[in-house]
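Here is what each chain is made of, one letter per residue.
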Amino acid sequence: MSITTHSSLSSVSTTNAASAIGPYSQGVKVGDLVFVSGCIPLDPASMQIVEGGIVEQTERALKNLQGIVEASGSEMGKVVKTTVFLKSMDDFVTVNGIYAKHFGDHKPARSAVEVARLPKDVLVEIECIASLKD
């Protein structure tokens, strides 16, 4: 894990999630918040898309998200907002079930949208904002 500081911004980086595939940070801390970039279902070790369909891709995307959230010093129970990007809204119910399992009783604010295309043609991408305070 590494955190790079630029005035009041800190970049979050961890090997517990897939590396950024472009000119952006896995996450950025500012004040009492961490903004986690969109997580796609890349295996952190191989940097390859996980095999399988929407179930496997959603699980991996959420594990990547959790890795970054935790590397920032926060936790999934402090996530205040998520955005779920879906290649097909037909997958909404499936993704919803997996998402609920990862968040348990905690229910962050959320948006879910269908998009024309996602990076590397994945089926799902998830981003979030989490609090760093108790």
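A short tour of the structure in this document, coming up. (Residues numbered from 1 in each chain as written. Predicted model: local features only at pLDDT ≥ 70, side-chain atom pairs only at ≥ 80, totals over all residues. Heavy atoms only, no water.)

1. Section: the nonpolar core
Nonpolar side chains in soluble globular proteins tend to be buried together. In terms of nonpolar packing, the biggest core is built from 24 residues, with Val 36, Leu 65 and Val 69 touching the most fellow members. Looking at this core, the elements that each hand over two or more residues are β4 (33-39), α1 (54-71), β5 (79-86), α2 (92-103) and β7 (124-131). Broken down by element, this core gets its largest block of residues, seven residues, from α1. Setting aside residues up to four positions removed in sequence, Val 69 forms contacts with Val 36, Ser 74, Glu 75, Met 76, Val 79, Cys 128 and Ala 130. Residues Ile 40, Leu 42, Leu 118 and Val 122 belong to the second largest nonpolar core, which totals five residues. (Core = buried A, V, L, I, M, F, W, Y, C linked by side-chain atoms within 4.5 Å. Buried < 20%, exposed > 50% of the residue type's maximum accessible area, 1.4 Å probe, protein only. Helix = DSSP H or I, 4+ residues; strand = E, 2+ residues; numbered from the N terminus. Contact = heavy atoms within 4.5 Å.)

2. Here we look at the packing of aromatic side chains
Summed over all chains, the structure comprises one aromatic pair. Here Tyr 99 and Phe 103 contribute two aromatic rings whose centre-to-centre distance is 4.6 Å and whose plane-to-plane angle is 40°, an arrangement assigned as tilted. Linking Tyr 99 with Phe 103, this pair stays in helix α2, spanning four residues, or about one helical turn. Judged on exposure class, the residue Tyr 99 and its partner Phe 103 are both buried. Just above the ring of Tyr 99 sits the side chain of Arg 110; from NZ or CZ to the centre is 4.6 Å. (Phe/Tyr/Trp six-rings, centres within 6.5 Å; stacked < 30°, edge-to-face > 60°. Lys NZ or Arg CZ within 6 Å of the ring centre and 35° of its normal.)

3. A word on the pairing of strand β3 (residues 27-30)
Across a regular strand the side chains alternate sides, sitting on one face of the sheet and then on the other. The side-chain alternation of β3 yields one buried face, formed by Gly 27 and Lys 29, and one unburied face, formed by Val 28 and Val 30. Bridge analysis of strand β2 (residues 9-13) against β3 gives four bridges, and the strand direction is antiparallel. Of the residues in β3, the one forming a bridge with Leu 9 is Val 30. Sheet topology places β3 next to β4; four bridges connect them, and they run antiparallel. Note that in β4 the partner of Val 28 across the bridge is Phe 35. In this structure, the hairpin formed by β3 and β4 is closed by a connection of two residues, where Gly 31 is found at a positive phi of approximately 60°. (Pairing = 2+ DSSP bridges.)

4. Overview of unusual backbone geometry
With the exception of glycine, most residues fall at negative phi, and the peptide bonds are largely trans. The phi angle at Met 47 is positive, at roughly 60°, despite the residue not being glycine. Relative to the assigned elements, Met 47 resides in the loop between β4 and α1. Even without a glycine there, the phi angle at Asp 121 is positive, about 55°. Within the secondary structure, Asp 121 is located in the loop between β6 (109-114) and β7.

5. Remarks on the pattern of salt bridges
Using the criterion set out here, one finds four salt bridges in the structure. Linking Asp 121 and Arg 117 is a salt bridge whose minimum nitrogen-to-oxygen distance equals 2.5 Å. Its relative accessible area of 39% is what places Asp 121 among the partly exposed residues. (Salt bridge = Lys/Arg side-chain N within 4 Å of Asp/Glu carboxyl O.)

6. Here's the deal with the side chain of Thr 58
Mapped onto the elements, Thr 58 comes out in helix α1. Under the relative-accessibility criterion, Thr 58 is labelled buried at 0%. Polar contacts involving the side chain of Thr 58 include one to the main-chain carbonyl oxygen of Ile 54, which spans 2.7 Å. Beyond its immediate chain neighbours, meaning those up to four positions away, Thr 58 contacts Val 95, Ile 98 and Val 124. (Polar contact = N/O pair within 3.5 Å; in protein donor to acceptor, adjacent residues only side chain to side chain.)

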